[in-house]
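Chains, contacts and geometry: an overview
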Amino acid sequence: MSETRAPQGDGGGGMPGGPGESMRLEVRDEEQGGLQTQEMNLNIGPQHPATHGVLRVVLDLDGERIARAEPVIGYMHRGFEKLAEHRDYRQIIALVNRHDWLSAFCNEIGVALAVETMMELEVPERAQWIRTLLCEWNRIMNHLMFVGSFGLELGALTPVFYAFREREEIQHLMESATGGRLHFTFCRVGGLKDDLPLGFLKASEQLVPVIRQRVQDYRDLLLGNEIFQARTSGVGKLPAEVALDYGVSGPALHATGVAEDARVTEPYAKYADVDVRVPTGETGDSYDRFRVLLDRIDASLDIVAQCLDNMPSGPVNVKLPKQVKAPEGAVYVRTENPLGQGGYYLVSDGKKYPWRLKMRTPSFSNISMLPYLLEGELLPNMIAILGSVYFVVGDIDR
Amino acid sequence: MAAPELFMLSALVVGGAASLLVVTARNVVHAALFLVVALVSVAASFLWLGAEFLAWAQVLVYVGAVIVLILFGLMLTRAPIGPMAQHNENRKLAAIVAVALFALLTGLNVASFGGETIELRTTGAGQLGEVLYLQWAFPFVVLGFLLTVSLIGALVLARREEGEGPLPDPGPHEEIAAAREPAPTDATPIPGGPTPGREIGSR
Amino acid sequence: MTPEELEDRFTDAFGDQVVDTVIAYGQLTVTLEPHVLVEAARMCKQDPELACTFFDFMSGVDLGEEGFAVVTHLYSPTHGHHVMLRAVAPGGRDDPRLPSLTPVYRGANWHEREAWDMFGVVFEGHPGLAPRLLTVENFEGWPLRKDFKLMTRLAKPWPGEKEPTPAQPAGEQQPGQAGDQGQEGASGGAGPSEKGAGADAGEQPTGEDRSRAASERAARAKAKAAEMRQRRAEQAAAAQRDAAGFATDPAPESHGDERDDGATGAATSDSDDERGRP
Amino acid sequence: MESILTFDSLGFTLAVKLVAVVAFFLLAPLVVGYMEHKVLGDMQSRVGPYEAGIGPVKFGVGQLVADGAKFIQKEDIIPRAADKWVFAAAPAVALVPTLLILVVVPFGPGAWAENLDVGLFFALAASGVTVIGILMAGWASANKYSLMGGLRDAAQLIAYELPLVLAGAAVALQAGSLSLVDIVQAQGSASLLGLPVWFGIPQIAGLALFFVAAMAELNRPPFDMPIADSEIIFGHMTEYTGIRYAMFMLSEYAGMVVLSALAVVLFLGGWYIVPGTTWPYEQLGPAASALLGFGVTMGKIIILAFLMVWARATLPRLREDQLQTMAWMVLIPLALAQIVVVGVLEVVA
């Protein structure tokens, strides 16, 4: 990690290095009080329990107060955008569900939508309903993960075990349909790989009230806890205009009171035919972000229930030409991924490979806002902030 | 030599050696840790002399609180961890003064009590309390009052120096941040917030 | 506002400075002269009728010989409309430069750093593009440029049945990798045609070439696998000999060896052989 | 009353007492640790340790023994930049005070090693020394996270030692003695408004803040900021491995036992079963009553330890400044008020 001692007299110049390469001590006189204090340079990460992944935050600490914070990313950069230029659209679907490994299905659907828009394909009704249904299940799975990890970061050990218990039940559902646990690769251009297995809808229907009840348990366990409230309310307040300026989206944006959700404003799949509730907060602090996250699970459960009610029968796929080729041009498709707005800017030269596929990932923009929230905060508050600006490192670095 | 005398002797030797190391150690944290040993040795001598309550009070107050505060202060103000050489130009002078003082006190003690035999008996907490609260009640209360006043005075002084809040004012950071990077010309101004652009190459 | 209305706003405000406007799939893309880019972004953000306060993303696009374009997507949460601002960086492929949008949008900071990291487009007025954001700090080259080759494709044949890679420009192709372009047939990595071709077209390998290359590769792989199997068998036999020679009770060990051999044999199944992995 | 471990020969007595205390010191934490494993597992919808066993008894009872064996085998790593001697000595300095407290804790009639005149004072003084070991570890590791953990721990101790001592003082006031044995025996006949009660009822505030302060001193959640894994990795223990790390863990579990035992002795009637009466100890012989008393005390200790585990499973972590505020603004005034109330009652009664 980061605690290699600096050679004596190191002024801190030179290139910034890898983890633990340089420790810079800044000595300056505080005007007020006349005490000479030294700022401590601390690397949180790239491997640190609070960053769940390889995010690195370089901090200058004055005591436990953060004077300067700088997220350093790229430790998981896998060049998906370059790889996508060397894959056909079928293969890209298997590629793009990997950057945000917690919301694979929601990512897949974006690329499929982009190609379908360009090809002007009509996707069968049933396929669209199933996409909506699986998207929401996937969203719940994603949110449960962060419910657990946020509790864990604040020192509550138990919610993470409960969250994984619930996740596992949804995981079984997704597995029965797609065969995958993490990277479902179930979406296809023009529809889906397969129809749902027998019993899937019934099992979904049974699971909805169970999860709903347990989300209520989380509310009681965490939101109702005085220590939790003391740790999160008023911490990391994000004003709406700053959030928009940075392109922050998802729960972090909704917590500021802006109910911008692609499922409502530009519905894709079957979101136009269901009632999508977008929970919002007021102050944009960590508490609101977490409350919005929990409420989003409830809202997603509502959508799941509506999908189950409206599920039509019919084919789940269209006959595609042997080679899927998007016509020349460019299109931007945005979807509401669990972590925020996912966008796919597809530039095609009419071949079976994209000329350029830009993946706009929510975590990237959300994390770029971090210095704004962190500077001036206490170190323990950093954890409450990092945990509530929900991010996946793969989603930042792609 | 009987066991109790051996005990006393070892306490004195250990305490004396530790005291010497306190003043000769080149590392302040080491010095503080040797001070722990010295103070515990003193507590042991108290124990041998029958002042049981005093001995544990010594441990509770000096080891448990004073030394912890010293270490706390050292670590807080000398954040860069590691050995620090202590420079002091007056080592010789200090040694002379210390030896002279020791000689003076020893001489006075010998002159006052030399040859007297003291009967060692354990002073229980009960006896101590009786003496303190019956015989010396007034001075005890006055002393307590004095300590309270000084405590409050220290609090007042400390607060004035730090600003009003219990935590240092975050002002300087913002000023420095503002000086380091010019604010964007027309981004929505947020007081105290960092600006989008910053010199990253300098970290 | 509809894309058409937005288009009018831009043509009214910037007149000649609007190079091109495209409305496709209900989305407006406005190509502007670089020097009015910041002004246009400021108008998008501050004009109450536009109110594009949400900075969505910014990305470079390789245009081939023409250089690089940078697109910036802005969105208005209040009105629900999008604008895609596009500018072609002057300076061609050698020294692409564009003005920075960081004075207008804070979020542009990291996106511009990424675009610089990936395409080498320098944003003038950005508070600090270095160090590289996503690649390592001493990385050389601009990974998303079309002339930056995906080295894995050059160094190692694609393990699957069909080569997914579009043909590399001629002269850099590996033998045995030329074919397998699917039914489409190989073509140069030409850019979207209105932007001009990026790289030159490769030689068109015929269908025969391709099938011959594929069978050659399969044969090579099979030979290699057979060699491996033989070597392993020899090793196992040697181990057995050693065990028989020195161990007091060779029976269980040799038994173990046989099991091991079986296991590795199973691991090098046919599919692996065809992949020809060493 | 004499300790039942007293024999004619002074040396033999000393040896027996030493063996008894050390054996208890090594075994009781295992019991509490096993309970923590299983209770946490149950509260978190999982099984907990299941396989490791001692002999035919499975259900994970041998897990901690196995862990201990593993720790002993592990390489003892001392960072190059560390202050070697201080680093090496720190775990022992943190561990020994806990052992010393056990010397004066009475577990049953006659079931103690030493009945000191100022036993309570001794126990509280010794418990304050533990933090020196932690500060040493934090400083000597040459690790910023360790340093911050050590600092947090010291700040926490300074804030919590005071309520701990004040709560103890109120008990001593009511019992009229600083001897832990006398305190227990005084509870055999204590009463409030004519009702037979232990000290924990009139001093319910004292009990609560003693328990809270004990958890804070042990770095148990929700007061585990000095070792908050999501913030500062593992505080002062970050650089420790193998047996030295195991010593820190042992001092945590032993601390749970010792401070729970103190709470039992001070507030919960020690080895007595029913408030207001010393039944059934008069009817029993010295050995039997010592054994029964030991069992009763251990039962009460385990209940308190269970509460600590329960808190760990339920509560998130406080922030350091919130903890300080709570200590100085709530607990210390409360403790002082408790002393005043008890003093007035003692004078009036």
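Nothing here was measured: the structure is a model prediction, and the numbers come from that model.

Moving on, we get to the overall build of chain C. A count of helices and strands for chain C gives seven helices and seven strands. For chain C, the N- to C-terminal ordering of α and β elements is α-β-β-α-β-β-β-β-α-β-α-α-α-α. A separation threshold of at least 6 residues defines the contact pool for chain C, and within that pool the share at least 24 residues apart is 47%.

On to helix α2 (residues 89–96) of chain A. Residues and elements named next belong to chain A. All of the buried residues in α2 are Tyr89, Ile92, Ile93, Leu95 and Val96. Mapping the buried residues of α2 onto a view down its axis gives an arc of 160 degrees, with all of them on the same face. Tucked into the core, α2 has its buried residues touching α1 (80–84), α3 (104–119), β5 (187–188), β8 (340–348) and β9 (354–360).

Turning our eyes to something else, we now look at the sheet that holds strand β1 (residues 18–24) of chain C. Residue and element names in this part refer to chain C. Judged by pairing direction, the sheet is mixed, and its five strands sit side by side in the order β1-β2-β5-β4-β3 without closing on themselves. Each having just a single partner strand, β1 and β3 (54–62) make up the two edges of the open sheet. Pairwise comparison of adjacent strand axes, ignoring direction, gives a mean angle of 20 degrees for this sheet. Sheet topology places β3 next to strand β4 (residues 68–75); eight bridges connect them, and they run antiparallel. Its bridge partner lying in β4, Ser59 is registered against Val71. The sheet strands contacting helix α1 (residues 3–14) are β1, β2 (27–32) and β5 (82–88), and the helix crosses β1 at an angle near 180 degrees. Strands β3 and β4 of the sheet are contacted by helix α3 (residues 108–119), whose axis makes an angle of about 10 degrees with β3.

Now for the packing of aromatic side chains. For the structure shown, the criterion picks out 33 aromatic pairs over all chains. Both rings, one in Phe53(B) and one in Phe121(D), keep their centres 4.5 Å apart while their planes meet at 10 degrees; by these two values the pair is stacked. Of this pair, Phe53(B) sits in helix α3 (residues 52–77) while Phe121(D) sits in helix α4 (residues 119–127), which puts the two residues in different chains. Arranged with centres 5.2 Å apart and planes meeting at 65 degrees, the rings of Tyr133(B) and Phe140(B) form a pair that is edge-to-face. Judged by relative accessible area, Tyr133(B) falls into the exposed class, the value being 52%. Judged by its relative accessible area of 34%, Phe140(B) is partly exposed.

In many analyses, interface size is given as the accessible surface area lost on bringing the parts together. Assigned domains of chain C: these are domain 1 (3–124) and domain 2 (203–241). Taking only C-alpha atoms, the centre of domain 1 of chain C and the centre of domain 2 of chain C are 52 Å apart.

A few words on the environment of Gln156(D). Of note, Gln156(D) is situated in helix α6 (residues 144–175). Spatially, the C-alpha atoms of Gln156(D) and Leu323(D) are 7.8 Å apart, while their sequence positions differ by 167 residues.

Turning our attention to the sheet that holds β9(A). Residue and element names in this part refer to chain A. Taken in spatial order, the three strands make up an open sheet running β7-β8-β9, and their pairing is antiparallel. Of all the strands in the sheet, just β7 (329–337) and β9 have a single pairing partner and so form its edges. Across the sheet, the mean angle from the axis of one strand to that of its neighbour is 15 degrees, orientation sign disregarded. Strand direction decides the pairing type here: β7 and β8, joined by nine bridges, are antiparallel. When the sheet's bridge partners are listed, Arg334 is paired in β8 with Gly343. Contacting β7 and β8, α3 runs over the sheet at an angle of about 150 degrees to β7.

Along the chain, Pro380(A) falls in helix α14 (residues 379–388). With relative accessibility at 3%, the residue Pro380(A) sits in the buried group. In this structure the C-alpha to C-alpha distance between Pro380(A) and Val393(A), which are 13 residues apart in sequence, comes to 21 Å. Apart from the residues within four sequence positions on either side, Pro380(A) is in contact with Glu64(A), Arg231(A), Arg152(D), Glu231(D) and Arg319(D).

This next bit is on empty space enclosed by the protein. Residue and element names in this part refer to chain D. Applying the stated rule across the entire model yields eleven cavities of 30 Å³ or more. Of the pockets and cavities examined, the second largest cavity occupies roughly 270 Å³. Around the second largest cavity, the lining comprises 20 residues; the ones closest to its centre are Thr130, Ile134, Glu217, Leu218 and Ser251. For the lining of the second largest cavity, the secondary-structure elements that each account for two or more residues are α3 (84–104), α5 (130–140), α6 and α10 (242–267). Top contributing element to the lining of the second largest cavity by residue count: α10, with six residues. Within the lining of the second largest cavity, the residues separate by chemical class into ten nonpolar, seven polar and three charged.

Turning to the state of the cysteines, a few remarks are in order. Scanning the model with the defined rule gives zero disulfides over all chains in all. Here Cys106(A) stays unpaired: no disulfide links it, and the sulfur of Cys135(A), its closest cysteine neighbor, is 3.9 Å away. The class for Cys106(A) is buried, based on a relative accessible area of 1%. Here Cys44(C) stays unpaired: no disulfide links it, and the sulfur of Cys52(C), its closest cysteine neighbor, is 4.9 Å away.

Here we come to the interface of chain C and chain A. If you look at the interface, chain C gives 57 residues, while chain A gives 56 residues. Summed over both sides, the interface between chain C and chain A buries roughly 4900 Å², with carbon and sulfur atoms accounting for 57% of that surface. Looking only at chain C, the three residues that lose the most surface to chain A are Tyr25(C), Arg106(C) and Trp110(C), adding up to 16% of its buried area. If you look at where chain C meets chain A, you find six salt bridges. Glu114(C) is paired through a salt bridge with Arg398(A); the nearest N and O atoms lie 2.4 Å apart.

This brings us to a negative patch on the surface. Together, Glu4(C), Glu5(C), Asp8(C) and Asp12(C) give the surface a local cluster of negative charge. Given a relative accessible area of 42%, Glu5(C) falls into the partly exposed group.

Here we come to the confidence of the model for chain B. This prediction gives chain B a mean pLDDT of 73; 70% of its residues lie at or above 70. For chain B, the element scoring lowest by mean pLDDT is helix α7 (residues 171–180) of chain B, at 43; helix α4 (residues 91–113) of chain B scores highest, at 89.

With that settled, consider the pattern of salt bridges. All names here are of chain A. The tally for this structure, following the rule as stated, stands at 49 salt bridges over all chains. When the shortest N-O distance is used, the salt bridge between Arg212 and Asp302 registers 3.0 Å. Here Arg212 is found in helix α6 (residues 200–223), whereas its partner Asp302 is found in helix α11 (residues 286–310), with 90 residues between them in sequence. The partly exposed category is assigned to Asp302, whose relative accessible area is 24%.

Moving on, we come to the pairing of β9(A). Residue and element names in this part refer to chain A. The element β9 is extensively covered by neighbouring structure, given that seven of its seven residues are classed as buried. Both β8 and β9 contribute to a ladder of six bridges, which runs antiparallel. Residue pairing in the sheet places Tyr344 in a bridge with Met359 of β9. Connecting β8 to the antiparallel partner β9 that follows it, the hairpin turn spans five residues, and Gly350 within it adopts a positive phi of roughly 85 degrees.

The next thing to look at is unusual backbone geometry. The general pattern is negative phi for most residues beyond glycine and trans for most peptide bonds. Residue Pro222(D) follows Pro221(D) across a cis peptide bond; omega there is 5 degrees. Structurally, Pro222(D) is set in the loop between α8 (204–217) and α9 (229–232). Positive phi, normally seen in glycine, also occurs at Thr185(A), with a value near 50 degrees. When you line up the elements, Thr185(A) lands in the loop between α5 (158–178) and β5. In the Ramachandran plot, Ala142(D) falls in the positive-phi region, its phi being about 55 degrees despite a non-glycine side chain. When you line up the elements, Ala142(D) lands in the loop between α5 and α6.

On the secondary structure map, Gln27(C) appears in strand β2. At 2.4 Å, the side chain of Gln27(C) and the backbone oxygen of Tyr332(A) are in polar contact. With residues up to four places along the chain from it excluded, the contact list for Gln27(C) reads Val331(A), Tyr332(A) and Val22(C).

It is worth spelling out the packing of α6(A) against α11(A) at this point. Residues and elements named next belong to chain A. For the pair α6 and α11, interaxial distance at closest approach is 10 Å and the crossing angle is 165 degrees. Here α11 runs roughly antiparallel to α6, going by the angle between their axes. The hand of the α6/α11 crossing is left-handed. Here Leu201, Ser204, Glu205, Val208, Ile211, Arg212, Val215, Tyr218, Arg219, Leu222 and Leu223 of α6 lie close against α11, whose contacting residues are Tyr287, Phe290, Arg291, Leu294, Asp295, Ile297, Asp298, Leu301, Asp302, Val304 and Leu308. Classifying every residue of the contact of α6 with α11 gives 14 nonpolar, one polar and seven charged.

What counts and how
- Residues numbered from 1 in each chain as written.
- Chains lettered and ligands numbered in written order.
- Predicted model: local features only at pLDDT ≥ 70, side-chain atom pairs only at ≥ 80, totals over all residues.
- Heavy atoms only, no water.
- Helix = DSSP H or I, 4+ residues; strand = E, 2+ residues; numbered from the N terminus.
- Contact = heavy atoms within 4.5 Å.
- Buried < 20%, exposed > 50% of the residue type's maximum accessible area, 1.4 Å probe, protein only.
- Arc of directions from axis to C-beta.
- Pairing = 2+ DSSP bridges.
- Axes fitted to C-alpha atoms, helices over the stretch in contact; angles between N-to-C directions.
- Phe/Tyr/Trp six-rings, centres within 6.5 Å; stacked < 30°, edge-to-face > 60°.
- Domains from an automatic or database assignment.
- 1 Å grid on protein atoms, 1.4 Å probe; cavity = no way out; pocket = protein on both sides within 12 Å on 5 of 7 lines; lining within 4 Å.
- Points joined across faces, edges and corners; volume = space filled by probe spheres on them.
- Nonpolar A, V, L, I, M, F, W, Y, C, P; charged D, E, K, R; others polar.
- Disulfide = S-S within 2.5 Å.
- Buried area = accessible area lost by both parts, 1.4 Å probe.
- Salt bridge = Lys/Arg side-chain N within 4 Å of Asp/Glu carboxyl O.
- Patch = residues over 30% accessible without salt bridge, like charges linked within 9 Å, V, L, I, M, F, W, Y side chains within 5 Å.
- Areas by Shrake-Rupley, 256 points an atom, 1.4 Å probe, with all protein chains shown as cover.
- Lys, Arg positive; Asp, Glu negative; His and termini not counted.
- Charge placed at Lys NZ, Arg CZ, Asp CG, Glu CD.
- pLDDT = per-residue confidence, 0-100.
- Polar contact = N/O pair within 3.5 Å; in protein donor to acceptor, adjacent residues only side chain to side chain.
- Parallel < 35°, antiparallel > 145°, perpendicular 65-115°, else oblique.
- Left-handed = near helix turned anticlockwise from the far one by under 90°.

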